[in-house]
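# Fold and contact review
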Amino acid sequence: MDSKRIFDAIVVGAGFGGLYTLHKLRSLGLEVRVFEAGDGVGGTWFWNRYPGARCDIESMEYSYQFDEALQQEWTWSEKYATQPEILRYINHVADRFDLRRDIQLETRVTSAHFDDEQKKWQVTTEDGASYIARHVVMATGCLSSANLPEIEGRESFGGATYHTGLWPKDGVDFQGKRVAVIGTGSSGIQSIPLIAQEADHLTVFQRTPNFSVPAHNRPLTETEVSERKSVYKEFRKAMRDTAFHANFRYNEANALDTPPELREQEYEARWAAGGLPFMASFADLMFDAQANATAARFVHGKIDDIVEDPNIADKLKPNGVVGCKRLCVDTNYYATFNRPNVSLVSIDEQPIDRIEPAGIVAGGELHAVDIIVFATGFDAMTGAMSRIDIRGTEGKSLSEAWSEGPKTYLGLCVSGFPNLFMITGPGSPSVLTNMLPSIEHHVEWIADCVRWMKQSGKHTVNATLAAQNAWVEHVNEIGDLSLYPRCNSWYLGANVPGKPRVFMPYLGFPAYAEKCEAVAKGGYEGFEAA
Ligand code: NA7
């Protein structure tokens with residue numbers, strides 16, 4: 001790359017968010033540089049190469065819609081796209097819009113400091129170079145900061161260890177190996193069936209069982225692709241008016257108002273169709289514990305049907321609320337526990353004591369293994385930003401500002417950090433939705449804001465503390481109406497020891513988009529512009 005040091009905007013991250021931000025800000029005539037830690041574009045889909053990695057939103061929805069020609073020319077092969085196919089798509093987008101010339105790879109941003117006098121940001125990278133920009137956009141991803149548990153003796157292990165979110169490009173050969181997987185979230189649930197097929201023996205260490213529904217993945221037919229493409233624009237628009245920005249076929253009826261036989265029929269139909277639309281079976285599932293219990297009982301019944309050993313079936317049955325931790329979507333997950341080469345260790349009964357050179361000791365028993373896979377998730381939503389030393393006006397640090405949990409205005413900005421924008425930050429619907437339209441919504445809002453600043457001769461926008469406090473209160477109020485705060489999920493930061501327990505996403509498209517639009521139309525209400 002050239003040695004240019006001054007830009008209009010710096011974007012951190014070259015995943016879906018960063019690429020579209022670059023494209024959009026360029027179209028306003030801005031000079032932009034994107035810094036990306038990886039040696040390729042793709043973000044989440046660059047790093048998560050574990051076996052079975054696949055999106056759980058349907059591929060024809062989990063793709064950009066900002067360019068009609070792009071969505072017409074790209075053809076997805078399966079209902080749910082694999083990681084390699086998504087990565088090919090992202091690379092196609094980078095080439096198609098000539099984005100690479102402004103993306104500096106293998107460059108990790110270590111700090112971003114606001115200069116009160118110059119009203120600009122100074123961004124420093126790991127190699128010590130520093131850059132100046134008026135705007136900074138953190139497109140750092142919601143699930144990009146790997147969570148590696150501090151288990152005693154981890155470093156002493158004699159075999160190989162991998163984290164699903166930092167998977168080697170050349171893959172891992174499990175043939176003839178004794179393998180341990182720690183963690184049974186989406187990454188564990190997707191990878192366990194495939195690792196089990198290859199490994200000599202697989203031991204799954206489960207701390208909390210998770211609810212999972214079958215994907216029923218399959219190739220897309222030419223007819224369904226062309227039918228969708230013929231109405232793509234209208235379809236996308238309709239999805240933007242839904243709560244999750246996705247075609248979940250929302251049922252407006254409440255589970256508790258529905259007679260039990262019809263309720264079972266609805267669950268059966270959704271189970272047979274597969275995927276996350278299971279959560280839209282009834283309108284009250286995430287708001288009424290009794291309603292949710294009907295769904296939980298249904299899934300427990302399915303686990304009993306699939307898993308042959310009743311003791312193992314019981315261990316696999318989650319307590320509590322379906323969807324409180326993100327619902328998983330699997331291919332043969334529960335059935336994998338019928339295999340003779342798979343065993344399940346419930347950490348409740350046999351806590352992990354330590355890791356030794358030969359394997360994992362749990363409940364005093366050594367499980368000798370050659371490979372340990374950590375499917376232990378991420379420091380979600382705030383992790384990537386907190387690993388960067390971000391300082392706003394008067395040197396105020398973001399980590400301090402967020403010491404009690406993230407506080408934002410609209411999940412887009414933080415008071416005291418002028419011209420710093422986040423893509424799908426905490427306080428926005430982000431991870432509760434189809435990420436792609438949510439990313440596009442944020443990028444477009446930010447670009448409109450920057451255009452407005454240019455047109456009105458403003459150098460900075462800064463969210464007021466009052467607007468931010470009101471927003472945080474509203475996000476909490478809405479979150480508390482739901483069942484989401486009732487479990488130890490990564491939505492609450494509960495998976496990372498010491499992280500403040502706050503429900504981070506905002507529950508509520510399309511009202512959220514209306515609020516963002518009203519703020520902009522009202523001359524950026526809740527912001528001080530100078
Ligand atoms: P998740 O969903 O956070 O799952 C991580 C799993 O690892 C989960 O089962 C955790 O148990 C377990 N875990 C975490 N720390 C430990 C320790 N210290 N010991 C044992 N087990 C542990 O991450 P994923 O990568 O699977 O999925 C993230 C998102 O990506 C997913 O929701 C989709 O949106 C796509 P816990 O439940 O915390 O008890």
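Criteria and cut-off values
Residues numbered from 1 in each chain as written. Predicted model: local features only at pLDDT ≥ 70, side-chain atom pairs only at ≥ 80, totals over all residues. Heavy atoms only, no water. Helix = DSSP H or I, 4+ residues; strand = E, 2+ residues; numbered from the N terminus. Rg over C-alpha atoms; globule rule 2.2 N^0.38 Å. Buried < 20%, exposed > 50% of the residue type's maximum accessible area, 1.4 Å probe, protein only. Contact = heavy atoms within 4.5 Å. Areas by Shrake-Rupley, 256 points an atom, 1.4 Å probe, with all protein chains shown as cover. Lys, Arg positive; Asp, Glu negative; His and termini not counted. Charge placed at Lys NZ, Arg CZ, Asp CG, Glu CD. Pairing = 2+ DSSP bridges. Axes fitted to C-alpha atoms, helices over the stretch in contact; angles between N-to-C directions. Near = heavy atom within 4 Å. Polar contact = N/O pair within 3.5 Å; in protein donor to acceptor, adjacent residues only side chain to side chain. Nonpolar A, V, L, I, M, F, W, Y, C, P; charged D, E, K, R; others polar. Disulfide = S-S within 2.5 Å. 1 Å grid on protein atoms, 1.4 Å probe; cavity = no way out; pocket = protein on both sides within 12 Å on 5 of 7 lines; lining within 4 Å. Points joined across faces, edges and corners; volume = space filled by probe spheres on them. Domains from an automatic or database assignment. Salt bridge = Lys/Arg side-chain N within 4 Å of Asp/Glu carboxyl O. Core = buried A, V, L, I, M, F, W, Y, C linked by side-chain atoms within 4.5 Å.

## Description of the overall build of the protein
Helix and strand counts for the protein stand at 16 helices and 20 strands. For the protein, whose C-alpha radius of gyration is 23 Å, the value lies close to the compact-globule estimate of 24 Å for 530 residues. Viewed in the frame of its principal axes, the protein has a C-alpha envelope of about 70 × 55 × 45 Å. Looking at the protein residue by residue over its 530 residues, the buried ones come to 56%. Here the analysis covers contacts within the protein between residues at least 6 apart in sequence; of these, 72% occur between residues at least 24 apart. Per element, the accessible surface of the protein, about 21,600 Å² overall, is 48% carbon and sulfur. Where the 51 positive side-chain charges of the protein centre and where its 69 negative ones centre are 4 Å apart.

## Some details on the sheet that holds strand β14 (residues 359-362)
Spatially, β13-β14-β15 is the arrangement adopted by the three strands of the open sheet, whose pairing is antiparallel. Each edge of the sheet is formed by a strand with only one pairing partner; in this case those strands are β13 (352-356) and β15 (365-368). Averaged over all pairs of adjacent strands, the angle between strand axes in this sheet comes to 25°, irrespective of strand direction. Pairing geometry for β14 and β15, over four bridges, is antiparallel. The partner of A362 across the bridge, within β15, is E365.

## Some words on the site of the ligand
Near the ligand lie 18 residues; those nearest to it are S187, R207, T208, K325 and R326. Between an oxygen atom of the ligand and a side-chain N or O atom of W490, the distance comes to 3.1 Å. Coverage of the ligand by the protein amounts to 87% of the 770 Å² it exposes when considered alone. Taken together, the residues of the shell around the ligand break down into seven nonpolar, eight polar and three charged.

## What to know about the state of the cysteines
A full pass over the atoms with the stated rule returns one disulfide. Sulfur-sulfur distance for the disulfide between C324 and C487 comes to 2.2 Å. In this structure the cystine formed by C324 and C487 twists about its S-S bond by roughly -105°; its chirality is therefore left-handed. Taken as a pair, C324 in the loop between α10 (310-316) and β11 (328-330) and C487 in the loop between α15 (465-481) and α16 (511-521) lie far apart in primary sequence, 163 residues in all. Take C487: its relative accessible area is 15%, and that puts it in the buried class. Left unpaired, C55 is separated from the closest cysteine sulfur, that of C328, by 13 Å. On the basis of relative accessibility, which here comes to 6%, the residue C55 falls in the buried class. With no disulfide of its own, C142 has C55 as its nearest cysteine by sulfur position, at a separation of 13 Å.

## A short note on empty space enclosed by the protein
Summed over all chains, the structure comprises four cavities of 30 Å³ or more. Within this model, the largest cavity holds a volume of roughly 60 Å³. Every residue lining the largest cavity is listed: D56, I57, E58, E61, Y80, N247, F248, L276 and P277. In terms of residue class, the lining of the largest cavity is built from five nonpolar, one polar and three charged.

## Describing the domain arrangement of the protein
Along its sequence, the protein is organised into domain 1 (6-41 + 99-145 + 380-459 + 508-529) and domain 2 (242-322). Placing the centre of domain 1 and that of domain 2 at their C-alpha centroids yields a distance of 37 Å. Counting residues at the interface gives seven residues for domain 1, matched by five residues for domain 2. Joining domain 1 to domain 2, the criterion identifies two residue pairs in polar contact (both at pLDDT 80 or more).

## A closer look at the pattern of salt bridges
Using the criterion set out here, one finds 24 salt bridges in the structure. The shortest N-O distance in the salt bridge between R26 and D102 comes to 2.8 Å. Here D102 lies in the loop between α4 (83-96) and β3 (103-104) and R26 lies in helix α1 (residues 16-27), a separation of 76 residues in the sequence. With a closest N to O distance of 2.9 Å, R270 and E266 form a salt bridge. In this pair, R270 and E266 both sit in helix α8 (residues 260-273), four residues apart, roughly one turn of the helix. Given the relative accessible area of 7%, R270 is considered buried. Taking the relative accessible area as the measure of exposure, E266 reaches 22% and is therefore partly exposed. By sharing partners, the salt bridges in this structure join R26, D98, R101 and D102 into a single network.

## A closer look at the side chain of Q190
The residue Q190 is located in helix α5 (residues 186-198) in this model. Not counting the four nearest positions on each side in its chain, Q190 is found in contact with Y50, P51, G52, A53, R54 and V329.

## Considerations on the nonpolar core
By size, the foremost hydrophobic cluster in this structure holds 132 residues, and its most contacted members are F16 and W445. By residue number, the principal contributor to this core is helix α14 (residues 435-455), which donates 10 residues. Here this core gathers at least three residues from each of two domains, domain 1 (6-41 + 99-145 + 380-459 + 508-529) and domain 2 (242-322). When neighbours within four sequence positions are excluded, W445 is seen to be in contact with L410, L412, F421, C516, V519, A520, Y524 and F527. With 23 residues, the next largest nonpolar core counts W121, M138, L398 and F417 among its residues.

## Section: the sheet that holds strand β16 (residues 371-374)
Strand order in the open sheet made by the five strands is β7-β16-β8-β9-β12, with parallel pairing throughout. The open sheet has two edge strands with one neighbour each: β7 (160-163) and β12 (342-346). Strand after strand, the sheet turns through a mean of 20° between neighbouring axes, direction not considered. Its contacts with the sheet place α5 against β8 (178-182), β9 (201-206), β12 and β16, and it is angled at close to 155° to β9.

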